[in-house]
Amino acid sequence: MMNWFYLHLRAIGHALGRLAGQPLGTLLSALVVGIALSLPGGGYLLLDNVSSLVRGVSGTPEISVFLGVDAGAPDVAAIEQRLKAEPGLASYRFVPRDEGLRQLEAAGLGDVLGGLKSNPLPDAFVIAPRGEDPAVFAELATRMQAWPKVAHVQLDSAWVERLHALLGLGRSAVLILAGLLGFALVIVTFNTIRLQILTQRQEIAVSRLLGATDPFIRRPFYWFGGLQGALGGLVALGTIGLGVQALGPPVARLAQTYGAVFQLSGPDWRAALAIVAFAALLGWLGAVISVRRHLAGA
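Residues numbered from 1 in each chain as written. Predicted model: local features only at pLDDT ≥ 70, side-chain atom pairs only at ≥ 80, totals over all residues. Heavy atoms only, no water.

**Observations regarding the nonpolar core**
- Counting 17 residues, the largest nonpolar core has L37, L185, I240, V244, F262, L264 and L282 as the members making the most contacts within it.
- Elements that contribute at least two residues to this core include exactly helix 2 (23-58), helix 6 (158-199), helix 8 (214-257) and helix 9 (269-294).
- Counting 16 residues, the second-largest nonpolar core is a separate cluster that includes I63, A71, L83 and V153. (Core = buried A, V, L, I, M, F, W, Y, C linked by side-chain atoms within 4.5 Å. Buried < 20%, exposed > 50% of the residue type's maximum accessible area, 1.4 Å probe, protein only. Helix = DSSP H or I, 4+ residues; strand = E, 2+ residues; numbered from the N terminus.)

Next comes the structure, spelled out in C-alpha coordinates:
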(Lines give C-alpha, C1' and ligand atoms only; values in the text may rest on other atoms or scores of the structure.)
Protein backbone atom coordinates (compact mmCIF):
# COMPACT_ATOMS: atom_id res chain seq x y z
CA MET A 1 0.00 0.00 0.00
CA MET A 2 2.82 2.41 0.84
CA ASN A 3 4.42 1.67 -2.51
CA TRP A 4 1.11 2.41 -4.25
CA PHE A 5 0.91 5.80 -2.53
CA TYR A 6 4.53 6.51 -3.38
CA LEU A 7 3.96 5.75 -7.08
CA HIS A 8 0.94 8.06 -7.21
CA LEU A 9 2.77 10.85 -5.38
CA ARG A 10 5.60 10.45 -7.84
CA ALA A 11 3.14 10.64 -10.74
CA ILE A 12 1.54 13.76 -9.26
CA GLY A 13 4.96 15.36 -9.01
CA HIS A 14 5.68 14.59 -12.67
CA ALA A 15 2.27 15.96 -13.71
CA LEU A 16 2.76 19.17 -11.73
CA GLY A 17 6.20 19.58 -13.26
CA ARG A 18 4.78 19.30 -16.76
CA LEU A 19 2.02 21.80 -15.94
CA ALA A 20 4.51 24.26 -14.49
CA GLY A 21 6.94 23.71 -17.38
CA GLN A 22 4.43 25.10 -19.90
CA PRO A 23 2.64 27.92 -18.04
CA LEU A 24 1.07 29.51 -21.11
CA GLY A 25 -0.36 26.24 -22.38
CA THR A 26 -1.61 25.33 -18.90
CA LEU A 27 -3.26 28.74 -18.51
CA LEU A 28 -4.96 28.58 -21.91
CA SER A 29 -6.22 25.03 -21.31
CA ALA A 30 -7.55 25.99 -17.88
CA LEU A 31 -9.32 29.01 -19.40
CA VAL A 32 -10.93 26.87 -22.10
CA VAL A 33 -12.16 24.32 -19.55
CA GLY A 34 -13.22 26.97 -17.02
CA ILE A 35 -15.15 29.18 -19.41
CA ALA A 36 -16.91 26.19 -20.94
CA LEU A 37 -17.93 24.79 -17.53
CA SER A 38 -19.00 28.20 -16.25
CA LEU A 39 -21.85 28.26 -18.78
CA PRO A 40 -23.83 25.25 -17.47
CA GLY A 41 -22.65 25.85 -13.89
CA GLY A 42 -23.74 29.47 -13.95
CA GLY A 43 -26.99 28.56 -15.68
CA TYR A 44 -27.89 26.00 -13.03
CA LEU A 45 -27.01 28.45 -10.26
CA LEU A 46 -29.11 31.16 -11.94
CA LEU A 47 -32.10 28.80 -12.12
CA ASP A 48 -31.88 28.12 -8.38
CA ASN A 49 -31.69 31.83 -7.62
CA VAL A 50 -34.56 32.67 -9.97
CA SER A 51 -36.75 29.98 -8.40
CA SER A 52 -36.12 31.54 -4.97
CA LEU A 53 -36.94 34.99 -6.35
CA VAL A 54 -40.19 33.84 -7.97
CA ARG A 55 -41.27 32.07 -4.78
CA GLY A 56 -40.67 35.25 -2.82
CA VAL A 57 -42.62 37.37 -5.30
CA SER A 58 -45.54 34.98 -5.75
CA GLY A 59 -46.02 34.16 -2.09
CA THR A 60 -46.87 30.85 -0.49
CA PRO A 61 -49.44 28.65 -2.29
CA GLU A 62 -52.59 27.93 -0.30
CA ILE A 63 -55.50 25.50 -0.16
CA SER A 64 -58.93 26.90 0.70
CA VAL A 65 -61.35 24.46 2.34
CA PHE A 66 -64.97 25.71 2.22
CA LEU A 67 -67.43 24.07 4.60
CA GLY A 68 -71.08 23.48 3.88
CA VAL A 69 -73.52 26.26 4.71
CA ASP A 70 -75.17 23.98 7.27
CA ALA A 71 -71.87 23.28 9.10
CA GLY A 72 -72.04 24.21 12.79
CA ALA A 73 -69.47 24.86 15.49
CA PRO A 74 -68.95 21.12 16.25
CA ASP A 75 -68.25 20.50 12.56
CA VAL A 76 -65.72 23.35 12.47
CA ALA A 77 -64.00 21.94 15.56
CA ALA A 78 -63.86 18.47 13.99
CA ILE A 79 -62.26 19.86 10.82
CA GLU A 80 -59.74 21.78 12.90
CA GLN A 81 -58.77 18.60 14.77
CA ARG A 82 -58.18 16.86 11.43
CA LEU A 83 -55.97 19.74 10.28
CA LYS A 84 -53.90 19.60 13.47
CA ALA A 85 -53.25 15.92 12.80
CA GLU A 86 -52.02 16.55 9.22
CA PRO A 87 -48.19 16.40 9.09
CA GLY A 88 -48.02 17.97 5.61
CA LEU A 89 -49.35 21.38 6.71
CA ALA A 90 -47.19 24.36 7.59
CA SER A 91 -50.05 26.47 8.97
CA TYR A 92 -53.77 27.11 8.72
CA ARG A 93 -56.24 29.77 9.75
CA PHE A 94 -59.99 29.78 10.17
CA VAL A 95 -62.04 32.36 8.23
CA PRO A 96 -65.58 32.67 9.65
CA ARG A 97 -68.34 33.45 7.21
CA ASP A 98 -68.84 36.92 8.72
CA GLU A 99 -65.18 37.77 8.21
CA GLY A 100 -65.39 36.56 4.60
CA LEU A 101 -68.37 38.87 4.07
CA ARG A 102 -66.46 41.83 5.48
CA GLN A 103 -63.53 41.09 3.19
CA LEU A 104 -65.82 41.12 0.15
CA GLU A 105 -67.36 44.39 1.27
CA ALA A 106 -63.91 45.89 1.69
CA ALA A 107 -63.09 44.75 -1.84
CA GLY A 108 -65.90 46.96 -3.21
CA LEU A 109 -68.75 44.45 -3.44
CA GLY A 110 -70.84 46.04 -0.69
CA ASP A 111 -73.58 47.16 -3.10
CA VAL A 112 -74.00 43.67 -4.48
CA LEU A 113 -74.02 42.00 -1.08
CA GLY A 114 -76.36 44.61 0.37
CA GLY A 115 -79.26 43.22 -1.67
CA LEU A 116 -78.95 39.77 -0.11
CA LYS A 117 -81.20 38.79 2.79
CA SER A 118 -78.57 36.60 4.46
CA ASN A 119 -74.87 35.85 4.30
CA PRO A 120 -74.36 33.26 1.53
CA LEU A 121 -70.72 32.62 2.36
CA PRO A 122 -69.57 29.48 4.19
CA ASP A 123 -66.98 29.13 6.89
CA ALA A 124 -63.55 28.29 5.49
CA PHE A 125 -60.03 27.26 6.38
CA VAL A 126 -57.03 28.69 4.51
CA ILE A 127 -54.16 26.20 4.60
CA ALA A 128 -50.46 26.56 3.72
CA PRO A 129 -48.87 23.16 2.93
CA ARG A 130 -45.22 22.35 3.55
CA GLY A 131 -42.96 22.45 0.51
CA GLU A 132 -43.94 23.34 -3.05
CA ASP A 133 -44.60 19.99 -4.71
CA PRO A 134 -47.83 20.23 -6.76
CA ALA A 135 -48.42 16.49 -6.33
CA VAL A 136 -48.53 16.96 -2.53
CA PHE A 137 -51.06 19.80 -2.91
CA ALA A 138 -53.30 17.69 -5.12
CA GLU A 139 -53.13 14.71 -2.74
CA LEU A 140 -54.06 16.93 0.24
CA ALA A 141 -56.93 18.55 -1.64
CA THR A 142 -58.36 15.17 -2.70
CA ARG A 143 -58.23 13.82 0.86
CA MET A 144 -59.78 16.95 2.36
CA GLN A 145 -62.60 16.95 -0.17
CA ALA A 146 -63.82 13.66 1.33
CA TRP A 147 -64.03 15.04 4.88
CA PRO A 148 -67.53 15.46 6.38
CA LYS A 149 -69.15 18.88 5.94
CA VAL A 150 -66.52 19.97 3.35
CA ALA A 151 -68.37 21.42 0.36
CA HIS A 152 -65.47 22.52 -1.85
CA VAL A 153 -61.66 22.57 -1.85
CA GLN A 154 -59.89 25.20 -3.95
CA LEU A 155 -56.29 24.47 -4.86
CA ASP A 156 -54.09 27.51 -5.42
CA SER A 157 -51.11 25.77 -7.02
CA ALA A 158 -51.38 26.56 -10.73
CA TRP A 159 -48.46 28.97 -10.50
CA VAL A 160 -46.44 26.32 -8.67
CA GLU A 161 -47.04 23.82 -11.48
CA ARG A 162 -46.02 26.37 -14.10
CA LEU A 163 -42.92 27.28 -12.08
CA HIS A 164 -41.89 23.63 -11.70
CA ALA A 165 -42.43 23.04 -15.42
CA LEU A 166 -40.34 26.06 -16.43
CA LEU A 167 -37.56 25.24 -13.98
CA GLY A 168 -37.59 21.61 -15.11
CA LEU A 169 -37.25 22.71 -18.71
CA GLY A 170 -34.40 25.05 -17.79
CA ARG A 171 -32.56 22.35 -15.84
CA SER A 172 -32.93 19.89 -18.72
CA ALA A 173 -31.49 22.46 -21.11
CA VAL A 174 -28.57 23.11 -18.73
CA LEU A 175 -27.87 19.37 -18.42
CA ILE A 176 -27.86 18.98 -22.20
CA LEU A 177 -25.48 21.93 -22.50
CA ALA A 178 -23.26 20.45 -19.78
CA GLY A 179 -23.17 17.12 -21.61
CA LEU A 180 -22.20 18.71 -24.92
CA LEU A 181 -19.54 20.94 -23.38
CA GLY A 182 -18.26 18.05 -21.27
CA PHE A 183 -17.81 15.97 -24.41
CA ALA A 184 -15.94 18.88 -26.03
CA LEU A 185 -13.66 19.20 -22.99
CA VAL A 186 -12.87 15.49 -23.12
CA ILE A 187 -11.79 16.03 -26.72
CA VAL A 188 -9.61 18.99 -25.67
CA THR A 189 -7.87 16.89 -23.03
CA PHE A 190 -7.59 14.01 -25.48
CA ASN A 191 -5.65 16.17 -27.94
CA THR A 192 -3.51 17.71 -25.18
CA ILE A 193 -2.42 14.30 -23.90
CA ARG A 194 -1.87 13.10 -27.46
CA LEU A 195 0.59 15.94 -28.03
CA GLN A 196 2.27 15.13 -24.70
CA ILE A 197 2.75 11.52 -25.79
CA LEU A 198 4.10 12.51 -29.21
CA THR A 199 6.64 14.92 -27.72
CA GLN A 200 7.79 12.36 -25.13
CA ARG A 201 7.77 9.21 -27.25
CA GLN A 202 11.57 8.88 -27.07
CA GLU A 203 11.48 9.24 -23.29
CA ILE A 204 8.69 6.62 -23.15
CA ALA A 205 10.72 4.24 -25.34
CA VAL A 206 13.78 4.60 -23.09
CA SER A 207 11.64 4.01 -19.99
CA ARG A 208 10.33 0.81 -21.48
CA LEU A 209 13.86 -0.38 -22.25
CA LEU A 210 14.71 0.21 -18.59
CA GLY A 211 11.80 -2.00 -17.53
CA ALA A 212 9.04 0.57 -16.87
CA THR A 213 5.55 -0.96 -17.04
CA ASP A 214 2.62 0.57 -18.92
CA PRO A 215 0.78 1.54 -15.67
CA PHE A 216 3.92 3.35 -14.50
CA ILE A 217 4.09 5.28 -17.79
CA ARG A 218 0.37 6.02 -17.96
CA ARG A 219 -0.04 7.23 -14.39
CA PRO A 220 1.53 10.73 -14.85
CA PHE A 221 -0.63 11.34 -17.93
CA TYR A 222 -3.77 10.44 -15.99
CA TRP A 223 -2.84 12.86 -13.23
CA PHE A 224 -1.91 15.51 -15.79
CA GLY A 225 -5.40 15.34 -17.30
CA GLY A 226 -7.12 15.32 -13.91
CA LEU A 227 -5.11 18.24 -12.54
CA GLN A 228 -5.62 20.22 -15.73
CA GLY A 229 -9.36 19.66 -15.43
CA ALA A 230 -9.33 20.66 -11.74
CA LEU A 231 -7.56 23.92 -12.65
CA GLY A 232 -10.29 24.53 -15.21
CA GLY A 233 -12.89 23.91 -12.49
CA LEU A 234 -11.27 26.57 -10.31
CA VAL A 235 -11.35 28.98 -13.26
CA ALA A 236 -15.06 28.14 -13.70
CA LEU A 237 -15.72 28.99 -10.04
CA GLY A 238 -13.92 32.29 -10.46
CA THR A 239 -15.91 33.08 -13.60
CA ILE A 240 -19.20 32.24 -11.87
CA GLY A 241 -18.21 34.39 -8.90
CA LEU A 242 -17.50 37.35 -11.17
CA GLY A 243 -20.84 36.80 -12.87
CA VAL A 244 -22.64 36.80 -9.52
CA GLN A 245 -20.94 40.05 -8.55
CA ALA A 246 -21.84 41.65 -11.89
CA LEU A 247 -25.50 40.51 -11.93
CA GLY A 248 -26.17 40.98 -8.21
CA PRO A 249 -27.15 44.69 -8.25
CA PRO A 250 -29.43 44.47 -11.36
CA VAL A 251 -31.22 41.42 -9.94
CA ALA A 252 -31.71 43.17 -6.59
CA ARG A 253 -33.23 46.19 -8.36
CA LEU A 254 -35.54 43.90 -10.35
CA ALA A 255 -36.72 42.23 -7.15
CA GLN A 256 -37.42 45.62 -5.56
CA THR A 257 -39.83 46.48 -8.38
CA TYR A 258 -41.92 43.48 -7.23
CA GLY A 259 -41.69 44.46 -3.58
CA ALA A 260 -39.23 41.70 -2.72
CA VAL A 261 -35.82 41.78 -1.09
CA PHE A 262 -33.47 39.44 -2.92
CA GLN A 263 -29.73 39.02 -3.27
CA LEU A 264 -28.12 36.79 -5.89
CA SER A 265 -26.01 34.13 -4.18
CA GLY A 266 -23.05 32.15 -5.48
CA PRO A 267 -22.44 28.41 -5.21
CA ASP A 268 -22.00 26.89 -1.76
CA TRP A 269 -19.07 24.66 -0.90
CA ARG A 270 -20.86 21.50 -2.06
CA ALA A 271 -21.61 22.98 -5.48
CA ALA A 272 -18.06 24.35 -5.74
CA LEU A 273 -16.59 20.95 -4.90
CA ALA A 274 -18.90 19.28 -7.43
CA ILE A 275 -17.79 21.64 -10.21
CA VAL A 276 -14.08 21.06 -9.52
CA ALA A 277 -14.58 17.29 -9.20
CA PHE A 278 -16.61 17.17 -12.44
CA ALA A 279 -13.91 19.12 -14.28
CA ALA A 280 -11.20 16.81 -12.91
CA LEU A 281 -13.23 13.78 -13.97
CA LEU A 282 -13.55 15.12 -17.51
CA GLY A 283 -9.81 15.75 -17.68
CA TRP A 284 -9.03 12.27 -16.34
CA LEU A 285 -11.47 10.66 -18.80
CA GLY A 286 -9.92 12.47 -21.76
CA ALA A 287 -6.46 11.41 -20.58
CA VAL A 288 -7.50 7.76 -20.20
CA ILE A 289 -8.95 7.63 -23.72
CA SER A 290 -5.96 9.38 -25.24
CA VAL A 291 -3.34 7.31 -23.43
CA ARG A 292 -4.95 4.00 -24.32
CA ARG A 293 -5.32 5.15 -27.91
CA HIS A 294 -1.84 6.55 -28.51
CA LEU A 295 0.54 5.06 -25.97
CA ALA A 296 0.64 1.67 -27.66
CA GLY A 297 2.18 3.24 -30.75
CA ALA A 298 4.60 5.46 -28.83
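**Quick word on unusual backbone geometry**
- Even without being a glycine, K149 presents a positive backbone phi close to 70 degrees.
- Looking at the element boundaries, K149 is found in the loop between helix 5 (134-145) and strand 4 (150-156).
- In this structure K149 comes out as partly exposed when scored by relative accessible area, which is 35%.

**Description of the environment of V186**
- With respect to the helices, strands and loops of the structure, V186 is situated in helix 6.
- Here V186 falls in the buried class, since its relative accessible area comes to 11%.
- Those residues within four positions of V186 in sequence are excluded, and the remaining contacts are L282, L285, G286 and I289. (Contact = heavy atoms within 4.5 Å.)

**Digging into the side chain of T189**
- For T189, the location among the structural elements is in helix 6.
- Residue T189 is classed as buried on the basis of its relative accessible area of 4%.
- If we skip the residues at most four places from it in the chain, T189 touches G225, Q228, L282, G283, G286 and A287.

**What to know about the pairing of strand 3 (residues 124-129)**
- Counting buried positions over the six residues of strand 3 gives six, a clear majority of the element.
- Neither face of strand 3 is open: one carries A124, V126 and A128, the other F125, I127 and P129, and all of them are buried.
- With six bridges joining them, strand 2 (residues 89-95) and strand 3 adopt antiparallel strand pairing. Across the sheet, the residue bridging to F94 is F125, located in strand 3. (Pairing = 2+ DSSP bridges.)

**Concerning the side chain of Q196**
- Counting through the fold element by element, Q196 comes out in helix 6.
- Among residues more than four places away in sequence, those in contact with Q196 are R18, Q22, F221 and F224.

Read these as layout, nothing more, since geometry by itself doesn't imply function.
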